[in-house]
Amino acid sequence: MKRRDFIKLPGLAALGVAGGGLLSGCQSRPLPGSGEVTVTPTVCEICFWKCAGWVHAENGEPWKITGNAEDLHSGGRLCTRGSGGLGAYADRDRLRQPMLRVEEKGRQRFKPVSWEEALSFIAERMEQIGERHGRDRLALLSHGSGGGQFKRLLNAFGSHIFAQPSYAQCRGPRQVAFALTYGEDVGSPDRTDMANARCIALIGSHIGENLHNGQVQTLSEAIARDATLITVDPRFSVAAGKSRYWLPIGPGTDIALLLAWMHVLINEDLYDHRFVEQHTLGFEQLREHVQSFNPEWAWLETGLEPERIRATAHELGRHAPASLVHPGRHTTWYGDDTQRERAIAIVNALLGNWGQQGGFYRPEKVELPAYPAPKPAKPASDWKAAIQADHPLAPKGISHKVIEACIGDQAQVKGLFVYATNLPMTIPGIADKLNRAADDLELMVVVDTLPMEVTGYADVILPECSYLERHDDLRNSPEREPSLALRQPAFEPLHQSKPAWWMAKQLAERLGLGEYFPWQDYTEVLDWQLQQVGSSLEEMERIGVKTFPRKTGLYFSADDPPSFRTASGKVELYSQLLADYGYDPLPRYTPPQQPGEGYYRMLYGRAPAHTFGRTTNNPVLFELMPENHLWLHPITAADHGLKSGDYARMKNRVGVRGNPIRVRVTERVSPRDLFLAHGFGHKAGGLRLTDGVGGDDGEMMDNIKIDPITGSTGMRATFVTLEKA
Amino acid sequence: MSHYAMVIDTRLCIGCGDCVVACKSENRTPTGLNRDWVVEQTRGRYPDLTTEFRSERCNHCSHATCVLCCPTGASHHWQGSNIVLVDADRCTGCKACIAACPYDARYITPEGYIDKCTFCHHRVAKGLDPACVATCPTHCMHFGDLDQASSRVAELLGKRDYKTLLSGTGNRPNVYYLT
Ligand code: SF4
């Protein structure tokens, strides 16, 4: 019957046309892909996951971006943001030409200038700073593929002060905790072998809302294979909705839960004896340490029932070593973050999952020689001792410390380069310091594709072209299989924008440092490097991604045991290094500060449509998610007379009132918390789609909890109240 | 003749909207209009909750009310399959189909004709999956011919529980949600 119905239809259609000759139809558009299609290999820069893909153009017009099937980062599938990458090229608000701050009749403004004028200005100021204060007094704050070019430039000049907010505002605690425990970091892409895990615990990590492609795909694979998923989150995150166990924990009490898990694993003998005996140090101290932290104790702290704590510990233990507690990525929460990450590292050690299938795999990258060029001399001074001596164990530059070091007559930093990182929306509570820094700096250069908040502080703005119009270094990130990926320009740079490699080389030449950049075009570097590993630029232009054989096993085995680059050569459950520096050698739980009467804890996170504030003006992604919402529990909403769709403002304890933000009333957040996605509430003035739209969590943060070990900024002790907007 | 179906695993869908973005760029859908969209449905009270995400679109109904009501024959089933297309050359923009579609899947383009999801028949003709299916990072979407017993879609419907939307309308929708 069904078949007959629609077989008849073409006949009906013909009748329709015959009978309706006077009705005017519309001209249809040609079918997609019916014209002349060209494809160019790219590496996505919409986030740091750096998936490889193909840029498709039809009849010379941008069409779409798809994943490269050979690419392990993406499995041939770009995420929401990567699929919307053409919007980064098409954004009509892009920076168009170099600009210089000028003063006319007492008023400052940015004046469009030629590249020659902008570059000469910067080179002269750099020389001036070198003569007046020393050549080691420039700093670089950076996030993104082209940052290495400016790092090379400043190093060649004699300055080494360098920081990325991805350390102190994001991954720092995880990096330091894993280095302290295992002697190495988790790395990026995260080396979690989730696709093969039988049990996965996420601690506040909302994979699925943060769309790190490989993480989403492997977690999804685990769910499809019925792995046990445990999500620990005060909010009913997307991952919580996929979990066998959702533990709606009291915010900031994760360490109590982790200690209780250790207690159960040890006292019920569920830990990996072989791994603990062969590879770890300090088990006896740990056993003693956790004796009083039973699930009943943790119940009072976390609000989680003891049976649930035991059941989840049993699940973790039962599936070990194909069982892992995910280290998370954005980990700067409460100021005791390194201790929480240490606790995560220790639970994993008890599960014996290091280098094991379903635990943490062994990533490998390609041994890619650097292009022959002179190496910049070693730093003349110990800049870390000068600007961040209070965090001696911090292995990386601390971004807010670098900004603090720009303030005052005696400031260490006299010239600042900011590459593709929008500091005011990235570092909490930095606005005031940034103002003072900008007053005192003798040079501030901002390199970006868009007019962000940070560009407003610059002396000189250099417009970079989007990732779809430039070459960058080959992608060579540690993965399950070593691979290289090429980013090839798909389009000519719009306006007067230029790639980072060109800007850095031009500056170097003006500073007499041209020898450090001995190439005319960056393709020479890429081709030379590729030739050294048996490929070529020509080959990579065709295939985009090349995978190389592994030199080691993906997992450790009895014949191929792990080694650890800690002082003891063991996994340090008890950290002597922490003890030596006066920190807790075993993770200690500190109850979190509570909001107090009338206040809510502001929780923030990611939305799958955006990479922080970098994409909210991207026309494609803007259309998918034009604004963020403030999630309120129905009780909270009723207390304030708010309903979904209304606008409200947050107000923090020192009186800062946020932008109006649209309310979403939902049971997915508890009555004690609020939630919003980060990246909205731009005020730059030049972002026509997103300026003034949505709320900015960053500007509400008045109670930053600095982690004494890493120096990173804990951002989840922000307490706000609500007003109708 | 083929019986094309989309099978979407709600256990895996995270509501990320990649299907929406991939569709928009593949089909150059005008700003402000969408051929597919994501629905989130949360049930229960904190902390006893479930959330279901669904990527929704035209159901390419076997018994398509939009096709039946189209006065010009612009809405038709493609090559005798269940894929419902609109022939813009024949469409007068009368909107009868918009009223007849139980799924609100259709919109009027700035040029004045009606448009909607095509199951990417231009890709299907080349043996490719629709753009949304091909990009989904969770692999929750599947596409294929239900009449082929060996197809992944037939296999999934054979072994998993599923539902369709507004199954009572008699339209015989062909987008299935695994539950
Ligand atoms: S995860 Fe998404 S945004 Fe990040 S690099 Fe991959 S495709 Fe691009």
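Residues numbered from 1 in each chain as written. Chains lettered and ligands numbered in written order. Predicted model: local features only at pLDDT ≥ 70, side-chain atom pairs only at ≥ 80, totals over all residues. Heavy atoms only, no water.

Engineer: Would you mind going over the interface of chain B and chain A with me for this structure?
Structural biologist: Many analyses report the size of an interface as the accessible area lost when the parts associate. Every contact between the two is made by 66 residues of chain B and, on the other side, 56 residues of chain A. Contact between chain B and chain A buries roughly 5,000 Å² in total, counting both sides, with carbon and sulfur atoms accounting for 54%. If you look at where chain B meets chain A, you find 7 salt bridges. The interface formed by chain B and chain A holds 22 residue pairs in polar contact (both at pLDDT 80 or more) in total. (Contact = heavy atoms within 4.5 Å. Buried area = accessible area lost by both parts, 1.4 Å probe. Salt bridge = Lys/Arg side-chain N within 4 Å of Asp/Glu carboxyl O. Polar contact = N/O pair within 3.5 Å; in protein donor to acceptor, adjacent residues only side chain to side chain.)

Engineer: Explain the environment of Arg662(A) here, please?
Structural biologist: All names here are of chain A. Along the polypeptide, Arg662 turns up in strand β22 (residues 661-665). When sequence neighbours within four positions are dropped, the list of residues in contact with Arg662 reads Glu627, Asn628, His629, Leu630, Gly645, Asp646 and Tyr647. Side chain to side chain, Arg662 and Glu627 meet in a polar contact 2.6 Å long. (Helix = DSSP H or I, 4+ residues; strand = E, 2+ residues; numbered from the N terminus.)

Engineer: Any chance you could explain the environment of Gly73(B) here in plain terms?
Structural biologist: One can find Gly73(B) in the loop between α2 (65-69) and β4 (75-77). Residues Gly73(B) and Ala134(B) lie 61 residues apart in sequence; the distance between their C-alpha atoms is 31 Å.

Engineer: How do you make sense of the site of the ligand when you look at a structure like this?
Structural biologist: Every residue lining the ligand is accounted for by Cys44(A), Ile46(A), Cys47(A), Trp49(A), Lys50(A), Cys51(A), Leu78(A), Cys79(A), Arg81(A), Gly82(A), Leu211(A) and Asn213(A). Considered class by class, the residues forming the shell around the ligand number 8 nonpolar, 2 polar and 2 charged. (Near = heavy atom within 4 Å. Nonpolar A, V, L, I, M, F, W, Y, C, P; charged D, E, K, R; others polar.)

Engineer: Could you clarify how one ought to interpret the pairing of strand β5 (residues 107-112) of chain A in this entry?
Structural biologist: Residues in a regular strand point their side chains to alternate faces of the sheet. All names here are of chain A. Across 6 bridges, the pairing between strand β4 (residues 99-104) and β5 is antiparallel. The residue bridging Met99 from the neighbouring strand is Pro112, located in β5. Between β4 and β5, which pair antiparallel and follow one another directly, the connecting turn spans 2 residues, one of which, Lys105, has a positive phi of 50°. (Pairing = 2+ DSSP bridges.)

Engineer: Sorry, what's going on with the sheet that holds strand β1 (residues 4-9) of chain B here?
Structural biologist: Backbone hydrogen bonds hold the strands of a sheet together, and the pairing may be parallel or antiparallel. All names here are of chain B. The sheet built from 4 strands is open, its strands ordered β8-β1-β10-β9 with mixed pairing. Unpaired on one side and paired on the other, β8 (141-145) and β9 (162-163) mark the two borders of the sheet. Relative to strand β10 (residues 175-178), β9 is paired through 2 bridges, and the arrangement is antiparallel. Looking at the pairing, Tyr162 lines up with Leu178 of β10. Each of β1, β8, β9 and β10 is contacted by helix α6 (residues 152-159), which is oriented at about 110° to β8, the strand it contacts most. (Axes fitted to C-alpha atoms, helices over the stretch in contact; angles between N-to-C directions.)

Engineer: I would appreciate a short explanation of the packing of aromatic side chains in the present structure.
Structural biologist: The way to describe two aromatic rings as a pair is by their centre distance and the angle between their planes. Residue and element names in this part refer to chain A. Here the structure, examined in full by the defined rule, presents 24 aromatic pairs over all chains. When the ring centre of Phe157 is taken as reference, the NZ or CZ atom of Arg135 above it lies at 3.9 Å. Over the aromatic face of Trp631 sits the side chain of Arg664, whose NZ or CZ is 4.5 Å from the ring centroid. (Phe/Tyr/Trp six-rings, centres within 6.5 Å; stacked < 30°, edge-to-face > 60°. Lys NZ or Arg CZ within 6 Å of the ring centre and 35° of its normal.)

Engineer: I'm lost on the packing of helix α5 (residues 115-133) of chain A against helix α20 (residues 500-510) of chain A in this one. Help?
Structural biologist: Packed helix pairs are characterised by how far apart their axes lie and by the angle those axes make with each other. All names here are of chain A. One can describe the packing of α5 onto α20 by two numbers: an axis separation of 9 Å at closest approach and a directional angle of 60°. Between α5 and α20, the angle is such that the two are oblique. You can see that α5 and α20 cross each other, and the crossing is right-handed. Side by side, α5 and α20 meet where Trp115, Glu116, Leu119, Ser120, Ile122 and Ala123 of the first sit next to Trp502, Met503, Gln506, Leu507 and Arg510 of the second. A class-by-class count of the residues in the contact of α5 with α20 yields 7 nonpolar, 2 polar and 2 charged. (Parallel < 35°, antiparallel > 145°, perpendicular 65-115°, else oblique. Left-handed = near helix turned anticlockwise from the far one by under 90°.)

Engineer: Explanation requested: helix α10 (residues 254-267) of chain A in the structure shown.
Structural biologist: Working note: α-helix, 3.6 residues per turn, so residues spaced by three or four point in the same direction. Residue and element names in this part refer to chain A. Compared with the 20 Å implied by 1.5 Å per residue over 14 residues, the 20 Å span of α10 between its first and last C-alpha is a close match. A large share of α10 lies buried, amounting to 13 of its 14 residues. The positive-phi residue at the C-terminal boundary of α10 is Asp269, with phi of around 55°. (Expected span 1.5 Å × (residues − 1). Buried < 20%, exposed > 50% of the residue type's maximum accessible area, 1.4 Å probe, protein only.)

Engineer: How should the confidence of the model for chain A be read in this particular structure?
Structural biologist: For any part of a model where pLDDT is low, the fine detail of the predicted coordinates should not be relied upon. Averaged over every residue, the pLDDT of chain A is 95; residues scoring 70 or more account for 96%. Confidence drops under pLDDT 50 across residues 1-23 of chain A; counting only partners more than four residues distant or on other chains, this segment forms 25 contacts. (pLDDT = per-residue confidence, 0-100.)

Engineer: Sorry if this is basic, but what is going on with the domain arrangement of chain A here?
Structural biologist: Residues and elements named next belong to chain A. Annotation of chain A at the domain level lists domain 1 (192-363 + 561-580) and domain 2 (600-724). Here the C-alpha centroids of domain 1 and domain 2 sit 29 Å apart. Facing the 25 residues of domain 1 at the interface are 25 residues of domain 2. Summed over both partners, the interface of domain 1 with domain 2 buries about 1,900 Å², with 55% contributed by carbon and sulfur atoms. Interface area lost by domain 1 to domain 2 is led by Arg235, Thr332 and Tyr334, which between them contribute 26%. The tally of links between domain 1 and domain 2 comes to 0 salt bridges. Across the contact surface, domain 1 and domain 2 share 9 residue pairs in polar contact (both at pLDDT 80 or more). Examining the composition of the side of domain 1 that touches domain 2, we find that 3 residues originate from one element, helix α15 (residues 337-351), more than from any other. Grouping the constituent residues of the side of domain 1 that touches domain 2 by class yields 10 nonpolar, 11 polar and 4 charged. (Domains from an automatic or database assignment.)

Engineer: So what exactly am I meant to see when it comes to the confidence of the model for chain B here?
Structural biologist: Mean pLDDT for chain B: 97, with 100% of residues reaching 70 or above. Scoring the predicted complex yields pTM 0.95 and, for the interface, ipTM 0.97.

Engineer: Looking at this structure, I do not really get the side chain of Thr135(B). What am I missing?
Structural biologist: Here Thr135(B) is to be found in helix α5 (residues 131-135). Given the relative accessible area of 8%, Thr135(B) is considered buried.

Engineer: Sorry if this is basic, but what is going on with unusual backbone geometry here?
Structural biologist: What you tend to see is this: most non-glycine residues have negative phi, and most peptide bonds are trans. With an omega of -5°, the peptide bond running from Ser188(A) to Pro189(A) counts as cis. For Pro189(A), the position within the fold is in the loop between α7 (165-182) and β8 (199-203). One non-glycine residue with positive phi stands out, namely Asn59(A), at about 50°. Residue placement: Asn59(A) occurs in the loop between β2 (52-58) and β3 (61-67). Using a relative accessible area of 54% as the deciding quantity, one classes Asn59(A) as exposed. Of note in the backbone geometry, His139(B) takes a positive phi value of approximately 60° without being a glycine. With respect to the helices and strands, His139(B) occurs in the loop between α5 and β8. Classification of His139(B) as partly exposed rests on a relative accessible area of 37%.

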